[in-house]
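Structure at a glance
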Amino acid sequence: FNAWLASVPDHIFALVFVIKRMYQPGWGNDWRKYLSVDFVNGRPGHELKLGERKLVGSYLRVGFTEKGSWRVFKMRQDFIPAEKVQMEDDISVSVVVPVAMLPNTSPKSADPSVKLVRNCEYRLFQRPDDAIHRGFDKQTESDIAQRDNFLANFELLTGDTLTHVIEDVAGFGQYTEPMRNILQEAHAAGEGVVSSALPRIVDGKPSKNPRYLQLRHDIANPVRRYVAEIGARFNRRVPLGTALMEPVNAVLIGRRNNPPAPGIRPLAVYNPIHYQELPELFMDFVCSLTGKSPSTTGAGSEGALTKGPFNSLRPAIDLNNALVSFILCGYAGYSTAAGYIGPNVRVDHDISLLVPEIWSRLSPQARDPRYLIDNGYREKVKDFEYQGRVIQASRLGYRITERFVHGFMGKMFDAPRAVFGEHILKPETQDMAVFVDGVENIVEAQKIVAARYLNVGSVEDACPPLKALLCIMATGSYQGMDAHDPASRKLFTREALLASDWYHERLEIKQARDIRLWQRHIASLEAFTGRASHRDVAEKLDIQSRLEGARARLEQLSSHAYLQSLRGTIGADPIGRGRSAT
């Protein structure tokens, strides 16, 4: 049966899926009479019809060929895109709390602690790369056609230039209706306007960095977001008066990868989706290595942890908080390839958009990295020898296999295995020398960045597992342990964290800071009530009641029970203080 099944062409499968999707039990075995095609020039056409309705297929671009042509794949007839709400971009606020403290939580999360996050941005700073193809990026064209926009690096169209755009009938007709309308309105009024497909000309070439501020979808169109929340409330039996908890239950990181270029080493060594255990994941976080981007001057170590002017805290403090958060919540770090996969396969952001669709269809079990590894959906990238030297490819963690593509992407594509072939799942098959150089580029960059922590002494700000990691990255070992030593990897477990003196110290510091804060509150309230000139205002504002509440809160914070309640939170970092050795 399997041999026969393998012999069925993909285009036949596509037809089977269409018929299966549209079939109704009342048809019985007489389903053929409901399906037909038109006759064109006396011959059967190619568009399948259900009665008078054309069964139109939807298609998705997933990367480009080496010649720049689009790689387009047909979606299953029953595929409906997920509705995505962007919870984080550049600025967000988050808190880690034990599940026991929450009134409700997602059934998809079984972790004892979870992270709650809130997007702090009203607008998102978007770079619409695909908008240069008229009519392709419908969302960008709709956004730019609105009033009160902030736009950067788009060409201002006026006079004859705008006239030429509108009179190009074929090109103008490719725009969506909102873009056509605003161009025509500006032309009729003699005003200037921008086109989503025409970036600013810089040095005779279109800019590769057009930007605009996009109003968040959940704010611009709150109905769908509201419906999703109400659905979750029904599912969990959460009344309207109780806040609905929406914890993070997946961490999907984007990577910008590039092929080799003059003066720039390759970084395109990842296949579409990688999983890294915490030591390897935080090696990447420490380094913040990125590929060549239109937004930067080149490739290198950059990102949030290198933006000194925007963050007055030392980097180790942010890393400590992030690491404690990951360990407590048990989050698995999955990364998505953007830009290139290997030196020959350009994917831009196509896979970054595809992965949330895959993840939204996975069960909680299927998101578990151990389940994926044990069942062959992921394979470990191992160290190997190349021209007499050891290549530390294990830094890449685990990557998806053909079994993953077949098992999970079949819910989306008619022919899932055609989307990611071996040259994409195993980038080294494209060019082994480039793959080796890319891995060595990563390892060397991690070594350079970690060495800075050791050289300036800020390694002492790092919590013990992070300190061990920085030493391993910079020198290859820590107290006789390398990255593969079970003893060093045990430092990154929840059990080791909760049993450690350094984590208990974080909780004690958090309690002490909370006590000092409420002592200041009480002192301020007492000082306010103690002034004769403030007595009328104090009585009107019921300051005495607030003072009694603050004293009760201080008594609660000073108790051992409060210290115990902090277990499962990230506590507070002992900035500038010495650390215990355990």
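Residues numbered from 1 in each chain as written. Predicted model: local features only at pLDDT ≥ 70, side-chain atom pairs only at ≥ 80, totals over all residues. Heavy atoms only, no water.

**Observations regarding the environment of V85**
Tracing the chain through its elements places V85 in the loop between β5 (70-74) and β6 (92-98). Expressed as a C-alpha distance, the spacing of V85 and A232, which sit 147 residues apart in the sequence, is 15 Å. With sequence-adjacent residues up to four places away left out, V85 is seen in contact with D218 and R225. (Helix = DSSP H or I, 4+ residues; strand = E, 2+ residues; numbered from the N terminus. Contact = heavy atoms within 4.5 Å.)

**Examining unusual backbone geometry**
The backbone of N41 shows a phi angle near 55°, a positive value even though the residue is not glycine. As for its position among the elements, N41 is in the loop between β1 (35-40) and β2 (43-50). Here N41 falls in the exposed class, since its relative accessible area comes to 77%. Residue D203 is not a glycine yet carries a positive backbone phi of 55°. Relative to the helices and strands, D203 is located in the loop between β12 (201-202) and β13 (205-206). (Buried < 20%, exposed > 50% of the residue type's maximum accessible area, 1.4 Å probe, protein only.)

**A look at the packing of aromatic side chains**
The full count for this structure, using the stated rule, is 19 aromatic pairs. Plain terms: the ring middles of F13 and F17 are 6.1 Å apart, the flat faces sit at 20° to each other, and that makes the pair stacked. Note that F13 and F17 are positioned in helix α2 (residues 10-22) at a spacing of 4 residues, about one turn of the helix. Since its relative accessible area comes to 23%, F13 is described here as partly exposed. Between F172 and Y175, the ring centres sit 6.1 Å apart and the planes meet at 75°, which makes this aromatic pair edge-to-face. On the basis of relative accessible area, F172 is assigned to the buried category, the value being 7%. Feature note: the residues Y275, Y334, W359, Y371, Y377, Y398, F404 and F408 constitute an aromatic cluster, connected by ring pairs. Residue placement shows R61 over the ring face of W70; its charged tip is 4.9 Å from the ring centre. Between the NZ or CZ atom of R76 and the centre of the ring of F17, over which it lies, the distance is 5.1 Å. (Phe/Tyr/Trp six-rings, centres within 6.5 Å; stacked < 30°, edge-to-face > 60°. Lys NZ or Arg CZ within 6 Å of the ring centre and 35° of its normal.)

**A short note on the sheet that holds β2**
Taking strand neighbours across the sheet as the criterion, the 3 strands line up as β1-β2-β3 in an open arrangement whose pairing is antiparallel. This sheet does not close on itself; its edge strands, each paired only once, are β1 and β3 (53-54). Relative to β3, β2 is paired through 2 bridges, and the arrangement is antiparallel. By the bridge assignment for β3, L50 is matched with R53. (Pairing = 2+ DSSP bridges.)

**Considering a nonpolar patch on the surface**
Among the surface-exposed residues, Y59, W70, V72 and F136 lie close enough to one another that they form a single nonpolar patch of about 400 Å² accessible area. Structurally, F136 can be placed in the loop between β8 (123-126) and α3 (138-144). Looking at F136, the relative accessible area reads 35%, which means it is partly exposed. (Patch = residues over 30% accessible without salt bridge, like charges linked within 9 Å, V, L, I, M, F, W, Y side chains within 5 Å. Areas by Shrake-Rupley, 256 points an atom, 1.4 Å probe, with all protein chains shown as cover. Salt bridge = Lys/Arg side-chain N within 4 Å of Asp/Glu carboxyl O.)

**What about the confidence of the model for the chain?**
Any region with low pLDDT has predicted coordinates that should not be read closely. Per-residue pLDDT for the chain averages 90, and the proportion of residues at 70 or more is 96%. Counted against residues more than four places away or in other chains, residues 578-582, with its pLDDT under 50, gives 15 contacts. (pLDDT = per-residue confidence, 0-100.)

**Describing helix α6 (residues 177-189)**
Taking 1.5 Å of rise per residue, the 13 residues of α6 would be expected to cover 18 Å, and the 18 Å separating its terminal C-alpha atoms lies within 8% of that figure. Buried residues belonging to α6 abut α3, β10 (154-157), α4 (159-167), α5 (169-174) and β11 (193-199). Phi turns positive, to about 70°, at G190, one or two residues after α6. (Expected span 1.5 Å × (residues − 1).)

**Here's the deal with the state of the cysteines**
Using the criterion set out here, one finds 0 disulfides in the structure. Of all cysteine sulfurs in the structure, the one in C471 sits closest to C463, which takes part in no disulfide; the separation is 12 Å. With a relative accessible area of 0%, C463 lands in the buried category. (Disulfide = S-S within 2.5 Å.)

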